[in-house]
Amino acid sequence: GPKHEHLEPLLLGELRRRLGRVVPVVGLPTEEGQASAAQQWELFARFFTGFRPRVIVFGVPVTDGDREGAATTLQATLDAVRAHAAAHGAALLLFADAELADDLMGVLRTAERDGVAFVVAGSGVPAAAVAEQLATAIAPLLR
């Protein structure tokens, strides 16, 4: 939800602190809570293909749980994301809130068991702490 809207600058600072250099952090310009994970991925795949990130953070908003057929959509999107990451040599990091619906969490946990990195933000955790969690997961992928 909106509690993660200030993550970009925080994550930028955390990564710079850990790696000793500036790592560009680019978030897709979608209104918080408006776009589903599938829509965000479509936006990236359509308009950001020239951008070659070394790490793709694929976040699933809690609001996705309210959508019809969300787990099936998420699975299909995640398959596309994983294929893209593999094709472009990018590392993939999944990101979700602990409050994400069980069926969606299940899709992400299955990918995690298959070796995909996954960060779960605890309920009510401040953005700075979430940025730290993400930076801890991302830093080794950039070294």
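These numbers come from a predicted model, not from an experiment.

Asker: Break down the overall build of the protein for me, citing the residues and quoting the values.
Answerer: When helices and strands are tallied, the protein shows five helices and three strands. In the protein, the succession of helices and strands from N to C terminus is α-α-β-α-β-α-β-α. Its C-alpha radius of gyration of 14 Å places the protein within 12% of the 15 Å reference for a compact globule of 143 residues. Reported as C-alpha extents along the three principal axes, the dimensions of the protein are approximately 45 × 35 × 30 Å.

Asker: Run through the packing of helix 1 (residues 7-19) against helix 5 (residues 127-142), naming residues and quoting values.
Answerer: Put simply, helix 1 and helix 5 touch, their axes get as near as 8 Å, and they point 45° apart. Our classification of the angle between helix 1 and helix 5 gives oblique. Note that helix 1 runs across helix 5; the crossing there is right-handed. Contacts between helix 1 and helix 5 pair L7, L10, L11, E14, L15, R18 and L19 from the former with A127, A128, V130, A131, E132, L134, A135, T136, I138, A139 and L142 from the latter. A class-by-class count of the residues in the contact of helix 1 with helix 5 yields 14 nonpolar, one polar and three charged.

Asker: Please give an account of the packing of helix 3 (residues 70-88) against helix 4 (residues 102-113) that cites residues and values.
Answerer: At a minimum axis distance of 9 Å, the contact between helix 3 and helix 4 shows a crossing angle of 25°. With respect to each other, helix 3 and helix 4 are oriented roughly parallel. For helix 3 against helix 4, the interelement crossing comes out right-handed. The residues of helix 4 that touch helix 3, namely those facing A70, A71, L74, Q75, L78 and R82, are D103, L104, V107, L108 and A111. Here the residues of the contact of helix 3 with helix 4 sort into eight nonpolar, one polar and two charged.

Asker: Tell me about the nonpolar core, residues and numbers included.
Answerer: F58, L78, L92, L94 and L108 are the most contacted members of the largest nonpolar core, which totals 23 residues. Taken together, the elements giving at least two residues each to this core come down to helix 2 (37-47), strand 1 (55-60), helix 3, strand 2 (91-97) and helix 4. Aside from chain neighbours lying at most four places away, what touches L78 is F58, L92, L94, V107, L108 and A111. Formed by 19 residues, the second largest nonpolar core is a distinct cluster that contains L7, L15, F95 and V119.

Asker: Can you lay out the environment of A129 for me, pointing to particular residues and giving the numbers?
Answerer: Take A129: it is sitting in helix 5. A129 sits 110 residues away from L19 along the chain, and the two C-alpha atoms are 18 Å apart.

Asker: Quick rundown of the pattern of salt bridges? Include the residues and the values.
Answerer: Overall, the coordinates contain six salt bridges when judged by the stated rule. Between R17 and E14 there is a salt bridge whose closest N-O contact spans 2.9 Å. Note that R17 and E14 are positioned in helix 1 at a spacing of three residues, about one turn of the helix. According to the relative accessible area criterion, R17 is exposed, its value standing at 59%. For R67, the salt bridge identified is with D64, shortest N-O distance 3.5 Å. Each of E14, R17 and R18 takes part in salt bridges that share partners, so that together they form one network.

Rules and cut-offs
Residues numbered from 1 in each chain as written. Predicted model: local features only at pLDDT ≥ 70, side-chain atom pairs only at ≥ 80, totals over all residues. Heavy atoms only, no water. Helix = DSSP H or I, 4+ residues; strand = E, 2+ residues; numbered from the N terminus. Rg over C-alpha atoms; globule rule 2.2 N^0.38 Å. Axes fitted to C-alpha atoms, helices over the stretch in contact; angles between N-to-C directions. Parallel < 35°, antiparallel > 145°, perpendicular 65-115°, else oblique. Left-handed = near helix turned anticlockwise from the far one by under 90°. Contact = heavy atoms within 4.5 Å. Nonpolar A, V, L, I, M, F, W, Y, C, P; charged D, E, K, R; others polar. Core = buried A, V, L, I, M, F, W, Y, C linked by side-chain atoms within 4.5 Å. Buried < 20%, exposed > 50% of the residue type's maximum accessible area, 1.4 Å probe, protein only. Salt bridge = Lys/Arg side-chain N within 4 Å of Asp/Glu carboxyl O.

In short, geometric facts, not functional conclusions.
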